[in-house]
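Listed below, chain by chain, are the residues.
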Amino acid sequence: MVQLVGSLRKELADSISTCKVLVVGAGGIGCELLKNLVLTGFKNIEVIDLDTIDVSNLNRQFLFQKKHVGKSKAQVAKESALQFCPSANITAYHDSIMNPEYNVEFFRKFMLVMNALDNRAARNHVNRMCLAADIPLIESGTAGYLGQVTVIKKGMTECYECQPKPAQKTFPGCTIRNTPSEPIHCIVWAKYLFNQLFGEEDADQEVSPDTADPEAAWNPEETAARATASDKDGDIKRVSTKEWARSTGYDSVKLFNKLFKDDIMYLLTMDKLWKKRKAPTPLDWHQLENSECPKEGTPASGLKDQQVLDVWGYCQLFQHSVETLRSQLQEKGEGAELVWDKDDPPAMDFVTAAANLRMHIFSMNMKSRFDVKSMAGNIIPAIATTNAVIAGLIVLEGLKILSGELESCRTIFLNKCPNLRKKLLVPCVLDPPSTNCYVCASKPEVTVKLNVHKTMVLTLQDKIVKERFGMVAPDVQIEDGKGTILISSEEGETEGNNSKFLSDFGIRNGSRLQADDFLQDYTLLINVLHVEDLERDVEFEVVGEAPDKAPPPQTNQEEVNSITNGNKDSAQPSTSSKAPSEDDDIMIVDSDEEDGAASSSAAAAATGGTKRKHSDAETGETSTKRPRTDQSAGDNNDDDDIIALD
C-alpha cells in the first residue's frame, strides 16, 4: 500500500524535505514560486536577486508591501515566505547570479535550479552553469497573458540557447536621426538624447542629423547655407552635444530650438529624403509660446500618466525636466553623469516630452507617458494570474524530476485564449539537444564573418565574445601554434591589445580562435571568415544565422496544428525548434537589464598552453572539463495529457 504524506507519496515527500533547490529571481514569478515551494514542503531553499522593491511591483508581487519599498527583493521574499512555513531553511542573496562566487561548485550543491528571471543575459548564464554542473534547470517566462515552462537537462534536452533567439531589436542610425516613421524611433532618439546631454556619451547614440545617410545623397557644402539656424542658438555645429549644452548653461529654450527647430531645418536641406516622405515641420519655442500661452487648456480626463498632452504641454514638460536634470547634475559636481532610469520621474518626463515633440514634428500621433514608459523601459504588461499559473507549473515539473520521471517532463505553453480543444495549457514533448548548438554541443564551434583589418580586439571582446556569445570573463588565444594570448580575463594583462586590429596579430581568413570562460567551464572555437564588406552598420555576422532574425518557422504544418490546434495565440517555447520570432523575453529597444553579458558552460575539453583551469573546490586540484554522459530521453508518445483550466 502506498504511503502518503498529504497528497504526496512518502518517498517523494521525503525527497522534497531534504533536497536543496535554487530559485533565481524573486520578482513576479519568483514570489509565487517561493510561496508554492514552502507550501509544497520544500525545506532547503536558496533565493538570489539583485533587485530592490519598487512601488510598481506591489500590484503583483504579493510577498512585498509598501513598507518594503527600497529593500532587497530576495531578503523580503525570504522573510515573507517563512511566515507560511517557519521551519523552512531559506537563504537569501541580494546579489547578481553572474558574480564569480556563484561558480560551478556553487551550482553543484543543488538538486534542482528554477529560473524566475526577466532578462536573457542572466538566463543564458544560468543555462550554462547548470550544464557545467549537470543539474536540471526549470526555465520559465511570462509575457502578458502568455507563459511557458520547460525543463533543461544536459545531454537529454535542448538547452536554452540551442535555438537562436531573436536579436534585440535595433534600428539603423540614419532612421533614428533623420527619418523616424514610428513612435519607437522617436523614443529611442529621446533616450539617446538623455545620454548625450546628461549621461555617458556614446558615439553610437548620436542624435544630430546624419549627413552620411546614403539615401540623402546630397552635398553638405552646397546646401548648408540653406539651413537658417538661429545665431543665438549656436548654428548647427558638429560638436559634442553635451559640450554645446554646457556652453548654454543647459538653457532649456536654446536646447529646444536647437533640437526641434535648427536640426529639423537642417534635415529639410536633405532634399532627397523628402521626395517620397512627408517632410518634418520645425517647432519654434517663441512662436509656440506666443500662440499657446494665452489659451486656456481644457482639463484632461483620466489618469495623469495616460493623458496625451498638447504640443505646448510637452514644451513645458521638456523645460521643467531639463531644469530638474540640470540641478541634479550640479548637485553631483563637475564631470558628473546621470543614468537613465524609467522609474526616475525627471528622466522619464524628459524622454516623454522629447519623444512626443519629435513625433509631432514628423506627423505621428503623440503618446501618453504610460505608453512611452512601456516602450522606453522594454516593459511587457505583467499579470499576476499568469505568474501564478507558471509558478505552479514549475513546481509540478520539479516534482516529476524529483520522482525520477524526467522523461515525463514537458514544455508547457500558457495561451491567451483556449485552443480548439478548449485548453489553455498545452504540453509539448521536450526536444533533444541541437547538434549545432554552440553551448551544449560536445565541441562548440562557430564561424564569424568579419573584416580582420577593421575589427579591433576590443570589438571582438565586448561585442562578439561577451555580448554575442555570452561569456563573462573570457580568455581568447590564437590557434597559431604559439598559443598567442589575444584577450585575458586578468585585468590589465592584455589591455594594450584593445585598440589593435585583428590583422595586427596575423589573424586572417581561416584563422581559429579559442575562447575560454573558466568560471563557466566553457570553451568555444571561433573560425574567422574574412570579408571586405558587410552591410551598413553591421560589424560581424555569425555564419548560418540571418542577422537580427529568429529561427525559420516550422514547415510541418500538420505537426504545428497538432500542438497548437490552429490557435495563433499559442505561446511557443524559448527552447523549442518550434519557436516563433517572438519569445518570452521580448525586447523592444536598448535593454535596461543588469550589466554584464551572459556566461557559458558546455563540456568541451580545454586545450593546454598557458590557460588556467577550473579548480575543484573540494580537492584543490585542477580539473579538466568532465565528459558528457550519454543519456537519451525516454520515448513517450503520450502527447495528449493536456491540462484544462476551468
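Residues numbered from 1 in each chain as written. Predicted model: local features only at pLDDT ≥ 70, side-chain atom pairs only at ≥ 80, totals over all residues. Heavy atoms only, no water.

Under an unreviewed UniProt entry, the name given to the chain is SUMO-activating enzyme subunit 2, and the organism recorded is Haplochromis burtoni. UniProt annotates the chain under Sequence similarities (unreviewed entry) with the comment "Belongs to the ubiquitin-activating E1 family." Per UniProt, the chain carries the Subcellular location (unreviewed entry) text "Nucleus". (UniProt positions renumbered as here; feature names shortened; annotations may be inferred.)

Novice: Would you take a moment to explain the packing of helix H10 (residues 252–268) against helix H13 (residues 345–361) for this structure?
Specialist: Helix packing geometry: the angle between the two helix axes and the distance between the axes. Closest axis-to-axis distance for the H10/H13 pair is 12 Å, and the angle between their directions is 25°. It follows that H10 is roughly parallel to H13 by the angle criterion. The two elements H10 and H13 cross, and the hand of that crossing is right-handed. Between H10 and H13, the contacting residues are Phe 256, Phe 260 and Ile 264 on the first element and Ala 354, Leu 357, Arg 358 and Ile 361 on the second. Among the residues forming the contact of H10 with H13, the class breakdown is six nonpolar, no polar and one charged. (Axes fitted to C-alpha atoms, helices over the stretch in contact; angles between N-to-C directions. Helix = DSSP H or I, 4+ residues; strand = E, 2+ residues; numbered from the N terminus. Parallel < 35°, antiparallel > 145°, perpendicular 65-115°, else oblique. Left-handed = near helix turned anticlockwise from the far one by under 90°. Contact = heavy atoms within 4.5 Å. Nonpolar A, V, L, I, M, F, W, Y, C, P; charged D, E, K, R; others polar.)

Novice: Sorry if this is basic, but what is going on with helix H5 (residues 120–133) here?
Specialist: Each full turn of the α-helix corresponds to 3.6 residues, which orients residues three or four apart in the same direction. In this model H5 runs 20 Å from its N-terminal to its C-terminal C-alpha over 14 residues, within 8% of the 20 Å that 1.5 Å per residue would give. Where H5 begins, the capping side chain belongs to Asn 119, and its oxygen is found 3.3 Å from the backbone nitrogen of Ala 121. Of the residues one or two after H5, Asp 134 is the one with positive phi, at around 60°. (Expected span 1.5 Å × (residues − 1). Polar contact = N/O pair within 3.5 Å; in protein donor to acceptor, adjacent residues only side chain to side chain.)

Novice: What's the story with the pattern of salt bridges in this structure? I'm lost.
Specialist: Pairing of side chains with opposite charge becomes possible as their charged atoms draw close. One pass over the full model with this rule turns up 20 salt bridges. Among the salt bridges present, the one from Asp 14 reaches Lys 10, with a minimum N-O distance of 3.0 Å. Separated by four residues within a single helix, Asp 14 and Lys 10 lie in helix H1 (residues 10–18), roughly one turn from each other. We classify Asp 14 as partly exposed; its relative accessible area is 37%. A network of salt bridges, in which partner residues are shared, links Lys 20, Glu 46 and Lys 109. (Salt bridge = Lys/Arg side-chain N within 4 Å of Asp/Glu carboxyl O. Buried < 20%, exposed > 50% of the residue type's maximum accessible area, 1.4 Å probe, protein only.)

Novice: I would appreciate a short explanation of a negative patch on the surface in the present structure.
Specialist: Taken together, the side chains of Glu 200, Glu 201, Asp 202, Glu 243 and Glu 337 define an acidic patch exposed on the protein surface. Tracing the backbone through its elements, the reader meets Glu 201 in the loop between helix H7 (183–198) and helix H8 (220–223). (Patch = residues over 30% accessible without salt bridge, like charges linked within 9 Å, V, L, I, M, F, W, Y side chains within 5 Å. Areas by Shrake-Rupley, 256 points an atom, 1.4 Å probe, with all protein chains shown as cover. Lys, Arg positive; Asp, Glu negative; His and termini not counted. Charge placed at Lys NZ, Arg CZ, Asp CG, Glu CD.)

Novice: Where do I start with the UniProt feature "active site" (unreviewed entry) in the chain in this structure?
Specialist: Taken from the UniProt record, the annotation "active site" (unreviewed entry) applies to Cys 174. In this structure, Cys 174 sits in helix H6 (residues 173–177).

Novice: Help me understand the sheet that holds strand E14 (residues 512–517) in this model?
Specialist: Adjacent strands of a sheet pair through backbone hydrogen bonds, lying either parallel or antiparallel. Read from one edge of the open sheet, six strands run E13-E12-E14-E15-E11-E16, paired in mixed fashion. With partners counted over all chains shown, the strands left at the sheet margins are strand E13 (484–487) and strand E16 (541–542), one partner each. Across three bridges, the pairing between strand E12 (residues 475–478) and E13 is antiparallel. When the sheet's bridge partners are listed, Ile 478 is paired in E13 with Thr 484. Sitting on the sheet, helix H16 (residues 457–468) is in contact with strand E11 (445–450), E12, E13, E14, strand E15 (522–530) and E16, with an inclination near 75° to E13. (Pairing = 2+ DSSP bridges.)

Novice: Which parts of the structure should I look at to understand the sheet that holds strand E5 (residues 89–93)?
Specialist: The eight strands lie next to each other as E5-E4-E3-E6-E7-E8-E9-E10, forming an open sheet whose pairing is mixed. Edge positions in the sheet fall to E5 and strand E10 (425–429), since each of these pairs with one other strand and no more. Averaged over all pairs of adjacent strands, the angle between strand axes in this sheet comes to 15°, irrespective of strand direction. Where strand E8 (residues 146–152) lies against strand E9 (residues 410–414), three bridges are found, and the strand directions are antiparallel. Paired with Gly 147 across the strands is Leu 414, a residue of E9.

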